[in-house]
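Coordinates in review
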Amino acid sequence: SRVNSPHTKKDRAPREAQKRWLRTAGLGAGLAFSAFLLWSSLGADDGVAEVLAHRGEVLAGRFIEVPCSEDYNSHRRFEGCTPRKCGRGVTDVVITRQEAEQIRSIAEKGLSLGGSDGGASILDLHSGALSVGKHFVNLYRYFGDKIRTVFSEEDFRLYRDVRQKVQLTIAEAFGISPSALHLTKPTFFSRINSTAARTAHDEYWHAHVDKVTYGSFDYTSLLYLSDYLQDFGGGRFVFMEEGANKTVEPRAGRVSFFTSGSENLHRVEKVHWGTRYAITIAFSCNPDHGIADPAFP
């Protein structure tokens, strides 16, 4: 049988003190670890290790080349267009803030006709898709001739001019002919606020790859129409990379563009306050996936 060593009270006292110290130290370490986990989870939600473009900067052009993924191999290739050089860029000198304000007014006018019950609303002038409640309607059919009193011919002309400028920017950055790029769907306005999601369409914050989500996309661009920390909080664009995510802080008139494969896995942070406006303009190398500019009805 096991024999316990005899201890006096005097012997036990240091041991009890040691146990109390270990318990205190253990509790402290546990709290520190919990704080670290909380910090890590906040950092993970934020997902930011490096800012690619600060809101306060005015960038003539910043481009980062990254290795292309294999996503393009499962689609028909178009030499001189299908990405062989992949990457992401940001510029603040292609679209003026005045143009961004005018473009935003188009979004505001269109979305005033509807809007999602959740936090994310869509307006697509090409297909006519408009968020209304928990659904979408075709605004051209649904509102008919009223559309001519909402939008002007100048709105559609400006929309086309801005699209052309973005197209030229992408072509120049990736060394391809602008005529090789075909505007593709969906190209749309988005309005995001902090209202809780009501349907899956409102859950804009999930990480995704555009080429996987929309097979027609080869080059994606975003034109921001409002300012981070001035018009809204949260809502930064995050390129997700192992160990070092890169973020773009929206600024009215800022164009962010990138190849659409999984080399540019990305997400948008949840908007915590205010309203974030942007327009997604996408291009395909496949002319079969091309769409026309929207025409004034």
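Bear in mind the structure is a predicted one, so any value in this text is a computation, not a measurement. (Residues numbered from 1 in each chain as written. Predicted model: local features only at pLDDT ≥ 70, side-chain atom pairs only at ≥ 80, totals over all residues. Heavy atoms only, no water.)

1. What about the pattern of salt bridges?
One pass over the full model with this rule turns up 16 salt bridges. The residue Lys-165 makes a salt bridge to Glu-99 at a minimum N-O spacing of 2.6 Å. In this pair, Lys-165 is assigned in helix H5 (residues 153-174) and Glu-99 in helix H2 (residues 97-111), connecting sequence segments 66 residues apart. We note a salt bridge from Asp-155 to Lys-109, for which the minimum N-O separation is 2.7 Å. Of this pair, Asp-155 sits in helix H5 while Lys-109 is found in helix H2, placing the two residues 46 residues apart along the sequence. Among the ionic contacts, a cluster of salt bridges with common partners joins Arg-88, Glu-241 and Lys-246. (Salt bridge = Lys/Arg side-chain N within 4 Å of Asp/Glu carboxyl O. Helix = DSSP H or I, 4+ residues; strand = E, 2+ residues; numbered from the N terminus.)

2. A short note on the packing of H2 against H5
At a minimum axis separation of 10 Å, H2 and H5 run at an interaxial angle of 125°. As summarised for this structure, H2 and H5 are arranged oblique, according to the angle between their axes. Once H2 is placed against H5, the crossing between them reads as left-handed. Contacts between H2 and H5 involve Glu-99, Gln-102, Ile-103, Ile-106 and Lys-109 from the former and Asp-155, Leu-158, Tyr-159, Val-162 and Lys-165 from the latter. Its residues assigned to classes, the contact of H2 with H5 shows five nonpolar, one polar and four charged. (Axes fitted to C-alpha atoms, helices over the stretch in contact; angles between N-to-C directions. Parallel < 35°, antiparallel > 145°, perpendicular 65-115°, else oblique. Left-handed = near helix turned anticlockwise from the far one by under 90°. Contact = heavy atoms within 4.5 Å. Nonpolar A, V, L, I, M, F, W, Y, C, P; charged D, E, K, R; others polar.)

3. Considering the sheet that holds strand S11 (residues 237-239)
Taken in spatial order, the four strands line up as S1-S12-S11-S14 in an open sheet, and their pairing is mixed. Taken across any chain shown, the strands that pair with only one partner, and hence form the sheet edges, are strand S1 (50-53) and strand S14 (266-268). On average, adjacent strands in this sheet sit at an angle of 30° to one another, irrespective of strand direction. The sheet contact formed by S11 and S14 spans three bridges and is antiparallel. Counterpart to Phe-239 in the pairing with S14 is His-266. (Pairing = 2+ DSSP bridges.)

4. Focus: the side chain of Glu-249
On the secondary structure map, Glu-249 appears in the loop between strand S12 (246-248) and strand S13 (255-259). Residue class for Glu-249 comes out buried when judged on its relative accessible area of 9%. Within the structure, Glu-249 has its side chain in polar contact with the backbone nitrogen of Arg-55 (distance 2.8 Å). Leaving out residues up to four positions away in the same chain, Glu-249 has contacts with Val-51, Ala-53, His-54, Arg-55, Tyr-228, Arg-236 and Arg-254. (Buried < 20%, exposed > 50% of the residue type's maximum accessible area, 1.4 Å probe, protein only. Polar contact = N/O pair within 3.5 Å; in protein donor to acceptor, adjacent residues only side chain to side chain.)

5. Let's talk about the environment of Val-137
When you line up the elements, Val-137 lands in strand S7 (residues 135-138). The class for Val-137 is buried, based on a relative accessible area of 18%. Taking C-alpha positions, Val-137 is 9.9 Å from Leu-123, a pair spaced 14 residues apart along the chain. For Val-137, the residues in contact, after removing those within four places along its chain, are Gly-128, Ala-129, Leu-130, Val-132 and Tyr-142.

6. Comments concerning the packing of aromatic side chains
Enumeration according to the criterion identifies 13 aromatic pairs in this entry. Each ring, one from Phe-239 and one from Phe-258, has its centre 5.4 Å from the other, and the planes form 90°; the classification is edge-to-face. One end of the pair, Phe-239, is in strand S11; the other, Phe-258, is in strand S13, with 19 residues separating them in the sequence. Each of the two residues, Phe-239 as well as Phe-258, counts as buried. (Phe/Tyr/Trp six-rings, centres within 6.5 Å; stacked < 30°, edge-to-face > 60°.)

7. Quick notes on the state of the cysteines
If you walk through the whole model with that rule in mind, you get two disulfides. In this model Cys-68 forms its disulfide with Cys-86; the gap between the sulfur atoms is 2.0 Å. Taking the torsion about the sulfur-sulfur bond, which here is approximately 105°, the covalent link between Cys-68 and Cys-86 counts as right-handed. Of the two residues, Cys-68 is situated in the loop between strand S2 (62-66) and strand S3 (86-91) and Cys-86 in strand S3; the sequence distance between them amounts to 18 residues. With a sulfur-sulfur separation of 2.1 Å, Cys-81 is cross-linked through a disulfide to Cys-285. One disulfide, between Cys-81 and Cys-285, carries an S-S torsion of -80° and so falls in the left-handed class. On the criterion of sequence distance, the pair formed by Cys-81 in the loop between S2 and S3 and Cys-285 in the segment after strand S16 (276-284) is long-range, its members being 204 residues apart. Judged by its relative accessible area of 3%, Cys-81 is buried. Accessibility expressed as a relative area gives 3% for Cys-285, which makes it buried. (Disulfide = S-S within 2.5 Å.)

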